[in-house]
Structure formats: structure tokens, C-alpha cells
Amino acid sequence: MTDLTLTPAPLHRRHGSNIGQSLTRAEGALKVTGQAAYAADAHPAGMLHAVMRVATIANGRVASMDVAAAKAHPGVVAVMTPGNRPALAMDPDAKEHGFMFRLDLLQNDRVRYPGQAIAVVIADSLEAATEGAALLAPTYDEEAPLIGLDAGVPFVPPVVGAGAPAEASTGNLSGGLGEAAVRVEATYETPAQYHNPMEPHAIVAAWDGDTLSIDMPSQGMAMAIGRIAGLFGIDPAGIHIRSPFLGGGFGSKGMIAGPMVLGILAARLVGRPVKLVLRREHMYGPVSHRGQTRQDLRIGADADGRLTALGHHTRTVSSVFDDFFEPSSNTSQSVYAAGAIATSHDVVRVHAGTPGFMRAPGEASGSIALECAIDEAAYACGMDPLAFRLANYAEVDPLDGKPFSSKALRECYAQAAARFGWAGRPLQPRTMRDADGLLVGWGMGTAIFPALMFEGNARAVIRDDGRGMVEIGAHDMGQGAWTALAQIAADSLGLNLAETEFRSGSSDLPDAGIAGGSGHTATAGMAIHEAGAAVIAELAALAVDRADSPLYGAGNTGVVARNGRLHRRDDESRSESYAEILRRAGKAEVEGNGHAAADPASEAYSKHAHGAVFAEVKVDPDLGQVRATRLVGAFAAGRIINPRMVDSQLYGGMIWGVSFALHEAAVVDPRTGRVMNPNLGEYHIPVNADVPSLECIQVAEEDVHVNALGIKGVGEIGITGSAGAVANAVWHATGVRPRSFPIPIETLL
């Protein structure tokens with residue numbers, strides 16, 4: 001963002017390296033003073049407001065709409081329907097690659113799910129557009145919808161998640177179950193969950209001929225530009241997206257959603273800038289969600305508590321018109337050593353918006369089922385849950401036999417258990433009470449999430465005043481990417497943070513790839529690291545060949561950058577400042593570019609972050625009311641760039657784990673398919689009173705295989721393990737095994 005200046009707080013001090021410092025957010029002052037401009041804050045001259053009218057049925061056709069009444073309303077400028085929507089260069093139902101989702105862009109009168117946009121009203125005020133949308137009063141030719149996990153005929157999809165096989169196995173599952181001394185078979189159900197970032201999806205779009213300017217929160221600006229360019233048949237170079245700040249995304253803003261394209265279409269229709277902001281209830285349909293699951297776990301163990309078999313089958317849902325399949329079973333592939341492992345999925349199609357990537361897709365829903373089943377198996381074997389997990393510790397990836405690039409899970413178990421006070425936990429449930437007579441339970445879960453990297457680019461500059469600049473079209477969902485990436489940038493240039501200008505959040509900067517899969521810091525960080533190395537090499541080349549430089553003869557690998565100077569590696573007394581080198585060369589600046597991608601050699605390893613979460617709950621024995629009172633998590637995720645930001649990410653994940661176990665579910669009407677709680681009053685998420693005491697331990701871990709910086713990512717691992725730990729604590733408190741989530745109070749009475 002070229003017009004955004006980030007000012008570090010005065011207490012920020014560099015101590016040897018910028019990386020590793022617990023700095024506060026560089027943009028924090030802008031946010032707390034209201035100066036940080038989010039997408040919906042944009043208000044270009046002549047801007048109009050657009051409001052979607054959405055379907056209230058799940059399946060059928062729009063029979064009529066009173067467009068005349070809406071257009072006659074004061075302030076309404078236009079009503080966009082399938083009859084007058086501007087033409088597109090590409091069918092919104094066409095898909096050119098697997099990461100492209102089908103979009104509802106008023107292509108016809110067909111309704112495929114509740115909440116689908118069926119018209120857009122454009123007016124000179126938000127109020128007029130809202131009232132115009134109400135006046136449309138649509139009627140429908142309704143057809144019976146498919147709803148729930150037993151709708152339709154199940155089928156095995158070709159892939160799940162981001163392209164993983166739907167079925168995988170090693171060993172003989174039936175044989176392993178047959179030889180087991182102890183067997184556990186259990187079925188768990190998880191609900192549909194919907195994205196509820198504080199900032200809903202929003203867009204302000206303005207056309208100038210065939211060029212397009214957009215303010216929009218995005219986790220993947222370059223991907224969005226590609227999709228928009230294809231839909232409108234325009235040059236991607238003519239599209240500019242500004243996305244400096246996001247009020248959360250959690251995966252829903254990774255690929256551009258239909259309502260955002262409707263905002264662009266509305267601007268095209270009226271020839272003026274248009275703002276379209278989703279109301280909270282509009283978030284429950286067209287912008288993806290976590291799909292509902294039913295998971296069957298089959299576990300066998302021998303007399304010593306060692307797993308002979310682990311089977312994990314998931315049934316999930318997708319929409320009737322597109323494909324995304326929650327890969328829950330795949331969580332069981334890399335956690336525990338078992339003689340045989342088999343994971344599989346099948347799917348039914350329902351009349352709902354297409355599911356998609358939602359924080360820890362597959363791992364969040366899969367780990368709660370796996371960790372509950374493992375807890376059941378431990379109890380059936382008469383073993384402490386921690387001892388059972390250690391007895392089945394995987395030294396190599398159980399599914400493919402690859403060595404782990406690094407794995408400090410044992411240290412996570414040990415440190416979290418010690419901090420929690422796990423030793424001496426009674427094995428039997430319903431044996432602990434507090435002074436008020438509430439039942440007390442302790443449970444645990446293992447956390448795991450893959451260490452991913454995508455492709456990204458960055459540009460670095462060193463100027464003749466000795467200062468540096470790094471540019472990258474990265475995304476900050478609120479997690480502190482501005483700060484952490486700036487720390488990497490400063491280190492890559494051998495400068496203090498205050499001497500390094502960091503530009504981000506705009507699509508005219510080098511493409512940083514997508515912010516998802518907990519891979520953004522690794523991807524963007526490595527691109528920045530490479531760009532910094534490139535510009536330092538350019539600078540060194542200007543000095544080592546000059547006889548009048550103290551660095552003469554060192555060679556461009558014989559110098560090291562530190563504190564704004566290049567030093568000879570073999571003689572620290574010989575150095576020269578960046579400014580001196582550039583002034584002598586008569587250059588105002590030098591530039592370097594960096595590109596990051598996963599190293600093919602790293603594919604020889606199984607790459608994951610790991611962790612362990614211990615939870616305490618208290619349950620009212622008369623009312624069944626559950627309160628999570630204490631969580632301790634220890635996580636090993638490679639090199640930590642900013643411990644303060646990492647704590648924040650892990651806390652957020654652990655809180656979402658509490659929400660998964662106790663609070664969060666979309667309530668779907670089994671007759672109409674409509675989400676009956678599409679608001680933050682009835683869709684329960686934890687508020688301050690629901691958040692327990694949290695402790696987070698960052699376990700030191702060095703990984704030389706994942707990437708040169710050793711970064712694994714922390715955005716999603718915190719939710720895994722946490723939900724299972726809470727559920728297992730509820731069992732330990734009550735003696736009742738939770739089978740569905742969030743845990744129904746009535747099952748505990």
C-alpha cells in the first residue's frame with residue numbers, strides 16, 4: 001500500500017536480530033485510533049450503495065419479483081436481475097482449475113441454496129437500497145431440497161480438501177482389528193460452521209473503461225485478479241486491489257466470492273463506483289463454510305496398549321453444484337503409529353452454499369473425533385491418556401514412512417503436562433469435584449497441522465541514504481503479518497526495523513501468494529529473505545571489485561550485512577556502509593527480487609507442526625452446564641518470528657477449540673434448509689466469560705528441511721487438539737462420552 005506509513009512504537013528496540021523479538025503490532029496505533037482504513041471505509045466520489053436480495057428457499061426457481069416497485073422507490077438507481085445483468089466473458093459455472101469455485105452471478109432464475117443472491121438493488125444510499133430490496137417481494141416455484149448427511153446417494157469423491165486422495169491406507173485394517181485385544185468403535189458428528197470474521201465481506205468497485213479499481217478484503221489478491229479478469233475478459237494488469245487490512249478471514253476470503261463479483265457487476269451496470277457490504281445474515285451461504293461431518297472411528301489395541309489398527313471414515317456434504325469435501329479423516333494419517341491405518345470419505349450433495357476452507361479444514365473436525373476415540377481407547381486399555389499416546393508415538397510418518405522434518409511433540413507433551421499438573425490425574429471419571437460441588441474433569445488432545453509453503457515474490461531496495469525498503473503484496477488478516485514480515489525484511493537487509501520501509505496489502509506489489517494453510521509467513525517470509533539476499537549481493541558487487549573499497553577482493557560471498565554495513569567475513573575490521581558504497585558507485589539505489597516456493601527436496605520429509613493441549617472443565621451435575629476453566633497448550637512450530645504474535649495466534653486457535661466443543665453450530669431447518677441462527681446473537685461463539693484461563697508454551701524447535709528460515713506456521717494448529725481436550729475433559733468430569741458437537745447439555749444429565 002503505497003500511501004500507508006507504518007510507524008513502529010517507540011519501545012521497539014532491536015537486540016541483535018529483528019527476528020525473534022516480541023514486538024507489538026506496527027499498525028496497532030492506526031487500528032486503535034480508527035485510522036486503519038478497511039475496504040468498506042472507501043468512499044470514492046459518486047459512489048452508490050448496493051444491497052443483495054437473497055433467496056429464502058433452498059431449491060427451485062424465482063417466479064416473480066416486483067422490480068417496478070423497487071425501481072420506483074426514492075433513491076433507487078437500478079435493480080440488477082438475471083434479465084439485465086451485464087454480460088460476462090466466462091460462464092460463472094465454468095472451472096479452469098481445482099481451486100476455482102462456481103459463483104452465483106444472477107445467471108438465471110434458478111435457486112440452489114438459501115441465501116443465494118437473486119437480485120441486487122443499487123441506490124444513492126444504503127437505506128434506499130435496503131428498502132428497495134425489500135420491495136422486490138419475490139415469489140418462488142419451490143422444489144423439495146436435499147438436506148443433511150442422509151440426503152441423496154453418497155459417493156466417493158476423487159479428492160478431498162485441497163486435492164488429497166479420498167482414500168489412503170497402510171497395512172491390513174481388518175487384520176489389525178481382528179488381532180486387537182481391545183476394540184473401540186464410535187461415531188461422532190460435527191455441525192456446519194459458518195465464517196464470522198468481525199469484518200464481513202465487502203467491496204468498493206470502480207470502473208474506468210476496462211480498468212478496475214477495487215477495495216476489498218482478500219487473502220489472495222493475485223488469485224482474485226485472475227478470476228475477475230477471466231470473468232470480465234479484461235487484462236489482469238488493468239485490475240488493482242487495495243487490501244491493507246482485514247478484519248479476519250479464516251479462509252473465507254481466500255478465493256473471491258460471488259457477492260464481490262456482484263459488486264463489480266453493479267458498478268459496470270450503473271457506470272459509477274459501487275459499494276456492497278454483506279449483512280451478517282448474508283455470510284451464511286455464499287461465502288463458504290465448514291461442512292457438516294459424520295465420522296466413524298475404529299481402533300484396535302493389543303494388551304500393552306499399542307495400536308494394531310486405526311480406521312477413520314468421514315461422510316461430509318457438498319453443494320448440489322460444486323465440489324469441496326472436508327478432509328476430516330486425513331487427520332488420522334500422521335499422528336499415531338498403528339499397525340494398520342485406513343482413511344476414507346464419502347459425500348452427499350445438499351442444497352446449501354458450497355463448503356470451503358475454514359480454519360484448519362479437515363484437521364479441526366477430524367482431530368476432535370480422533371482425539372475422543374483415542375481417549376476412549378486409552379480408558380479401555382486401562383491407561384492414562386498421556387501414557388497411551390506416548391506408547392503410540394509415531395517416530396516416522398505412519399502412512400508413508402517418511403521421516404519427520406522435525407518433531408518436538410514429546411517435549412510438548414512433557415512441558416504442557418507439567419505446567420497443567422497432569423501427574424496424578426485419577427483415571428476414573430466423575431471422581432473430582434470443586435468446593436462448590438461442581439464436577440471437575442481433565443482431558444487432553446494432540447495437535448497437528450501440516451507445514452505448507454506456496455509460491456510468492458518480493459522486491460527489496462537499498463537506497464543511498466542507507467535505508468531499505470521491501471515490497472510484497474502480502475495479506476494481514478489481523479494476525480500481525482505486517483509486523484512479522486517486516487521483521488524478516490529488516491533482517492534480510494541487515495538493518496534495524498526502523499530503517500526499513502515495508503509496503504504490503506496492494507496488488508500492484510509483487511504477488512505474495514495466498515494467505516492460507518498457515519503457510520503465509522513461510523512463503524512471504526522466504527520471498528522477502530531471497531529478495532534481501534539478492535539486493536545485498538547487488539550491493540556487494542559494487543564494492544568488492546573496487547580497489548578503493550575496504551571490501552576489495554572479498555568476493556560477493558565473502559561479506560556479511562549487518563547494521564547497515566557490509567563486513568568482510570575474514571576481517572571484521574574492514575567494512576563499509578551501504579550509503580558509502582552507493583554514493584561512490586553513483587547510484588541512488590540497488591534492487592533485488594526474491595521468489596519462494598517449496599523446495600522439492602523437502603518432499604522427502606513429513607512436515608508438520610505439533611502440539612499438546614490439556615483442558616479442565618467444570619460441569620454442573622444438576623443442570624449439565626459446562627464451563628471450560630483452564631487450558632494449557634504447548635506447541636512446536638519451527639522458528640518463531642515474533643513470539644507475541646504467535647501467542648496471539650495460538651490463543652485464538654485454542655479459543656476456537658473451546659467454541660468447537662461447547663458453543664458453535666449452524667442450526668439448519670430440516671424442512672427448508674435455511675440456517676435458523678444467521679447472526680451473532682444466536683450463532684454461539686465464546687465471549688469473554690466463556691474463555692478460560694489460557695497458557696501457551698512455545699517449545700523450541702529447529703527445522704532445517706521445511707525452508708531456509710525454518711518456519712512452519714501457527715495460524716491453525718491451535719484449534720486442533722483443543723476441541724478434543726475439552727471433550728475428553730467433559731467425559732472425565734461426567735462419565736458421558738460426547739458423540740456430537742457442540743456437546744448437547746441434555747446428554748450430560
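Located above this text is the structure these notes cover.
Before going into details, it helps to say that this report is about the structure given with it. (Residues numbered from 1 in each chain as written. Predicted model: local features only at pLDDT ≥ 70, side-chain atom pairs only at ≥ 80, totals over all residues. Heavy atoms only, no water.)

Our focus in this paragraph is helix H3 (residues 126-135). Listing the buried residues of H3 in full gives Ala 128, Ala 129, Gly 132 and Ala 133. Buried residues of H3, viewed axially, fall in a sector of 135 degrees; they line one side. The exposed set on the far side of H3, more than 90 degrees from its buried face, consists of Glu 127 and Ala 134. Residues of H3 that are buried make contact with strand S1 (48-54), helix H2 (67-72), strand S3 (76-80) and strand S5 (117-123). Looking one or two places after H3, you find Ala 137, whose phi comes out positive at around 40 degrees. (Buried < 20%, exposed > 50% of the residue type's maximum accessible area, 1.4 Å probe, protein only. Helix = DSSP H or I, 4+ residues; strand = E, 2+ residues; numbered from the N terminus. Arc of directions from axis to C-beta. Contact = heavy atoms within 4.5 Å.)

One open sheet holds the 4 strands; their spatial order is S23-S22-S21-S27, and the pairing between them is mixed. Edge positions in the open sheet fall to strand S23 (500-503) and strand S27 (589-596), since each of these has one partner strand only. Pairs of neighbouring strands in the sheet enclose a mean axial angle of 15 degrees, with direction left out of account. For strand S21 (residues 456-463) and strand S22 (residues 468-471), the ladder comprises 4 bridges, and the chain directions are antiparallel. In the strand pairing of S22, Ile 462 is matched with Gly 468. Along the sheet face, helix H11 (residues 520-544) touches S21, S22, S23 and S27 and points at about 145 degrees away from the line of S27. (Pairing = 2+ DSSP bridges. Axes fitted to C-alpha atoms, helices over the stretch in contact; angles between N-to-C directions.)

Now for the pattern of salt bridges. Inspection of the entire model under this criterion finds 39 salt bridges. Two residues, Asp 323 and Arg 349, come together in a salt bridge whose shortest N-O distance is 2.5 Å. Here the residue Asp 323 occupies a position in the loop between strand S18 (307-319) and strand S19 (341-350), and Arg 349 occupies one in strand S19, the gap between them amounting to 26 residues. Between Glu 695 and Arg 419 there is a salt bridge; the shortest N-O distance is 2.9 Å. (Salt bridge = Lys/Arg side-chain N within 4 Å of Asp/Glu carboxyl O.)

With that out of the way, let us pick up the packing of aromatic side chains. The final tally for this structure, using the stated rule, is 17 aromatic pairs. For the ring pair Trp 422 and Phe 614, a centre distance of 5.1 Å and an interplane angle of 65 degrees mean the geometry is edge-to-face. Residue Trp 422 is located in the loop between helix H9 (409-420) and strand S20 (439-450), and its partner Phe 614 is located in strand S28 (residues 608-619); the two are separated by 192 residues in the primary sequence. Like Trp 422, the residue Phe 614 is buried in the burial classification. Seen in terms of ring centroids, Trp 482 and Phe 502 are 5.8 Å apart; in terms of plane orientation they differ by 85 degrees. Their pairing is edge-to-face. Here Trp 482 is found in helix H10 (residues 481-493), whereas its partner Phe 502 is found in strand S23, with 20 residues between them in sequence. On the basis of relative accessible area, Trp 482 is assigned to the buried category, the value being 2%. (Phe/Tyr/Trp six-rings, centres within 6.5 Å; stacked < 30°, edge-to-face > 60°.)

The next thing to look at is the nonpolar core. Grouped together as the largest cluster of nonpolar side chains are 85 residues, with contacts concentrated most on Phe 614, Val 617 and Leu 662. Counting residues per element, this core draws most heavily on helix H7 (residues 363-380), which supplies 9 residues. If you look at the next biggest cluster of nonpolar residues, it comprises 52 residues, including Ala 117, Ile 203, Ile 264 and Met 283. (Core = buried A, V, L, I, M, F, W, Y, C linked by side-chain atoms within 4.5 Å.)

Once that is clear, we can look at the environment of Ala 303. Along the chain, Ala 303 turns up in the loop between strand S17 (293-301) and S18. Exposure remark for Ala 303: the relative accessible area of 71% places this residue in the exposed category. Between the C-alpha atom of Ala 303 and that of Ala 180, which follows or precedes it by 123 residues, the distance is 7.8 Å.

Here we come to the packing of H11 against helix H12 (residues 578-585). Orientation of H11 relative to H12, taken along the N-to-C sense of each, is 60 degrees, at an axis distance of 9 Å. Our classification of the angle between H11 and H12 gives oblique. Like other packed secondary-structure pairs, H11 and H12 cross with a definite hand, here left-handed. On H12, the residues touching Ile 536, Leu 539, Leu 542 and Ala 543 of H11 are Tyr 578, Ile 581, Leu 582, Arg 584 and Ala 585. Of the residues contributing to the contact of H11 with H12, the split by class is 8 nonpolar, no polar and 1 charged. (Parallel < 35°, antiparallel > 145°, perpendicular 65-115°, else oblique. Left-handed = near helix turned anticlockwise from the far one by under 90°. Nonpolar A, V, L, I, M, F, W, Y, C, P; charged D, E, K, R; others polar.)

Time to look at the environment of Gly 20. Relative to the helices and strands, Gly 20 is located in the segment before helix H1 (28-32). Gly 20 sits in the partly exposed class, given a relative accessible area of 34%. Placed 395 residues apart in sequence, Gly 20 and Gln 415 show a C-alpha to C-alpha distance of 21 Å. Ignoring sequence-local partners within four residues, the contact set of Gly 20 consists of Gln 487, Ile 640, Ile 641 and Pro 643.

Here we come to the pairing of strand S26 (residues 571-577). The side chains of a regular strand alternate between the sheet's two faces. Where strand S25 (residues 565-568) and S26 come together, 4 bridges link them in antiparallel fashion. Note on S26: the bridge partner recorded for Arg 568 is Asp 571.

Taken together, the 3 strands give an open sheet; going across it, the order is S24-S25-S26, and neighbouring strands pair in antiparallel fashion. Bordering the open sheet on either side are strand S24 (559-562) and S26, each of which pairs with just one other strand. Averaged over neighbouring strand pairs, the angle between their axes works out to 30 degrees when direction is ignored. Each of S24, S25 and S26 touches H12; the most contacted strand, S26, lies at about 55 degrees to it.

Right, let's get into the pairing of S1. In terms of residue burial, S1 counts as a mostly covered element, since 7 of its 7 residues are buried. Because side chains alternate across S1, one face comprises the buried residues Leu 48, Ala 50, Met 52 and Val 54, and the other comprises His 49, Val 51 and Arg 53, equally buried. As judged from the 3 bridges shared by S1 and strand S15 (residues 274-277), these two strands associate in the parallel manner. Note that in S15 the partner of Ala 50 across the bridge is Leu 276. In terms of strand pairing, S1 meets S5 through 6 bridges, oriented antiparallel. By the bridge assignment, Ala 50 is partnered in S5 with Ile 122.

Our next topic: the side chain of Arg 85. Here Arg 85 shows up in the loop between S3 and strand S4 (110-111). Within the buried set, Arg 85 has no salt-bridge partner at all; the shortest N-O distance to an opposite charge, 7.0 Å, is to Asp 91. There is a polar contact of 2.8 Å between the side chain of Arg 85 and the backbone oxygen of Leu 105. Every residue in contact with Arg 85, bar those within four places of it in the chain, is listed here: Met 80, Leu 105, Leu 106, Gln 107 and Leu 265. (Lys, Arg positive; Asp, Glu negative; His and termini not counted. Polar contact = N/O pair within 3.5 Å; in protein donor to acceptor, adjacent residues only side chain to side chain.)

A few words now on the environment of His 49. Here His 49 lies in strand S1. Taking the C-alpha atoms as reference, His 49 lies 42 Å from Ile 743; in sequence the two are 694 residues apart. If we ignore the near neighbours within four places in the chain, the residues touching His 49 are His 43, Val 121, Ile 122, Ala 123, Asp 124, Ser 125, Leu 126, Ala 129 and Lys 275.

Over its 18 residues, H7 extends 25 Å from the first C-alpha to the last, a length consistent with the 26 Å expected when each residue adds 1.5 Å. In terms of burial, H7 is largely enclosed, as 16 of its 18 residues are buried. Downstream of H7 by one or two residues, Gly 382 has phi in the positive range, about 70 degrees. (Expected span 1.5 Å × (residues − 1).)

Running from amino to carboxyl end, helix H13 (residues 643-662) crosses helix H14 (residues 722-734) at an angle of 50 degrees, the nearest separation of the two axes being 7 Å. In terms of axis orientation, H13 runs oblique to H14. In this structure, H13 crosses over H14, and the sense of that crossing is right-handed. Between H13 and H14, the residues in contact are Met 654, Gly 657, Val 658, Phe 660, Ala 661 and Leu 662 and Ser 722, Ala 723, Val 726 and Val 730, respectively.

With that settled, the discussion passes to the side chain of Ser 367. With respect to the secondary-structure elements, Ser 367 resides in helix H7. Of note is the side chain of Ser 367, whose polar atom sits 3.4 Å from the backbone oxygen of Ala 364. Discounting chain neighbours no more than four positions away, the residues touching Ser 367 are Thr 331, Gly 362, Thr 720 and Gly 721.

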